[in-house]
Amino acid sequence: MAVPGIFLFFVVLFLISIATSCCCSSLNSLTPYWNSSFKEQITGLANDPNTVNWMKRIRREIHENPELAFEEFATSAVIRRELDRLGVGYRWPVAGTGVVAAIGSGSKPFVALRADMDALPIQYQEMVEWEHKSKVDGKMHACGHDAHVAMLLGAAKILQEMRDELQGTVVLIFQPAEERGVGAKAMIQEGVLENVESIFGIHTVHGYPTGTVAARPGEFLAGCGGFRAKVSGKGGHAAIPQHSIDPILAVSTSVISLQNIVSREIDPLDSQVVSVAMIHGGTAFNIIPDAATIAGTFRAFSKKSFYALRERIEEVIKAQAAVHRCSAEIDFSGMEQPTIPPTVNDKRIYEHVRQVSMQIVGKENTKTSPSYMGSEDFAFYLDKVPGSFLLVGMRNERTGSVYAPHSPYFNIDEDVLPVGAAIHAAFAHSYLSNSSKNSHCPL
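So, here's what we can say about the structure.

Thresholds, definitions, all that
- Residues numbered from 1 in each chain as written.
- Predicted model: local features only at pLDDT ≥ 70, side-chain atom pairs only at ≥ 80, totals over all residues.
- Heavy atoms only, no water.
- Axes fitted to C-alpha atoms, helices over the stretch in contact; angles between N-to-C directions.
- Helix = DSSP H or I, 4+ residues; strand = E, 2+ residues; numbered from the N terminus.
- Parallel < 35°, antiparallel > 145°, perpendicular 65-115°, else oblique.
- Left-handed = near helix turned anticlockwise from the far one by under 90°.
- Contact = heavy atoms within 4.5 Å.
- Nonpolar A, V, L, I, M, F, W, Y, C, P; charged D, E, K, R; others polar.
- Expected span 1.5 Å × (residues − 1).
- Buried < 20%, exposed > 50% of the residue type's maximum accessible area, 1.4 Å probe, protein only.
- Pairing = 2+ DSSP bridges.
- Core = buried A, V, L, I, M, F, W, Y, C linked by side-chain atoms within 4.5 Å.

This part covers the packing of helix H5 (residues 73-86) against helix H6 (residues 145-161). At a minimum axis separation of 10 Å, H5 and H6 run at an interaxial angle of 10°. Between H5 and H6, the crossing angle belongs to the class labelled roughly parallel. The interaxial crossing formed by H5 with H6 has right-handed handedness. Between H5 and H6, the residues in contact are Ile-79, Glu-82, Leu-83 and Leu-86 and Val-149, Leu-153, Ala-156, Lys-157 and Gln-160, respectively. Class assignment of the residues belonging to the contact of H5 with H6 gives a composition of six nonpolar, one polar and two charged.

Okay, structure coming up:
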């Protein structure tokens, strides 16, 4: 008589395990929950002519008045003005000029979207002739941050209209000082990631046509570090070098030896860069100076390789200085050469972004990107919470949007604005829906 009872017990356990597996399968995949009305609502709001023209006006206003790192006061004022008009609450100032807004329930789960705000110091005036070119000599939005702000405000507009449907809270991070590599860290120090469980960011690129997006899981953008080494010896007349300790010779051999790190010590399949780009020493052709200075950059894709490369640079310079009876002081932390870790996309969040992107721009326009040696301080956020970074194409020969960032000819195809706004909003909305659904899964 006990056998049927035991059999029934195991049948019940089996059925419970099946139900639990079905309910929680998305915990590992984070595949977005979609329906056609959801997609149509977001794309419809993003492509509404009034919204598109509104984003263009914002982008052009910011473009005309570029501001450098931690000087983005007018840019911040524009953001706050538009958030006020949308009825979106925010915190300001954060890290000096940053703005952090929130839309939704005000409770968990929290997901963050980020846009950078700062412009670049450009040696020459903007060379693009159009009505809204930079009005500030030597400054220009030559990296697309004006478009990033406009797109995130566009996403704010969409999400605010859908706020009653949000199953959690969307945090909007308008960040200063990305170009100096220190803005994200400053924002984190002021608590912008508190309660945030995932973050998403985008960057416009001329390498893909408008309407195309690209990213990759795992290691995406290289970590970037700078170094400055002062090698000290003993100065004297060049005609009697035996009475001097020559720092010029020491820095010269250091430069050669640094090149051997990548060419002779690193796996050729593990891409890394060490470049010495500055050498300063001496004031006269016949005087050996007391000291000489070299400075450069190093890059790598994995955190392990990045920090090992930094350690090896220091070892080589100090050893070469010692061989030539000199001493060396090495600085890796100066504001001119901030250390930015590699940008590593979380594989689950990357897959979520990929699914969202395919819904917005189509499977054929959602690409797998190669890795790039460029760096992004978005990496600091990814060091704290899982997230993903996406490249949004804006190449368009017709509009002149073909030049690389940091060029005085850089230009944006403004048709990219609704694309970025829709992907921002769709990622946040679907992430919260998935996260809320998974939180109710019985385990």
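Between its terminal C-alpha atoms H6 stretches 24 Å, which fits the 24 Å expected from 17 residues at 1.5 Å a residue. Within H6, 15 of the 17 residues are buried, leaving the element largely enclosed by the surrounding structure.

Turning to the pairing of strand E3 (residues 110-116), a few remarks are in order. In terms of burial, E3 is largely enclosed, as seven of its seven residues are buried. Of the two faces of E3, the one carrying Phe-110, Ala-112, Arg-114 and Asp-116 and the one carrying Val-111, Leu-113 and Ala-115 are both buried. Strand direction decides the pairing type here: E3 and strand E6 (residues 169-175), joined by seven bridges, are parallel. Across the sheet, Leu-113 pairs through a bridge with Leu-172, a residue of E6.

Glancing now at the environment of Ile-79. When you line up the elements, Ile-79 lands in helix H5. Between the alpha carbons of Ile-79 and Ile-58 there is a distance of 8.7 Å; along the sequence they are 21 residues apart. Excluding residues that lie within four positions of it along the chain, Ile-79 makes contacts with Val-99, Met-117, Val-149, Leu-153 and Phe-174.

With that settled, the discussion passes to the nonpolar core. By size, the foremost hydrophobic cluster in this structure holds 96 residues, and its most contacted members are Phe-174 and Tyr-381. Tallying contributions element by element places helix H12 (residues 416-439) first for this core, with 12 residues.

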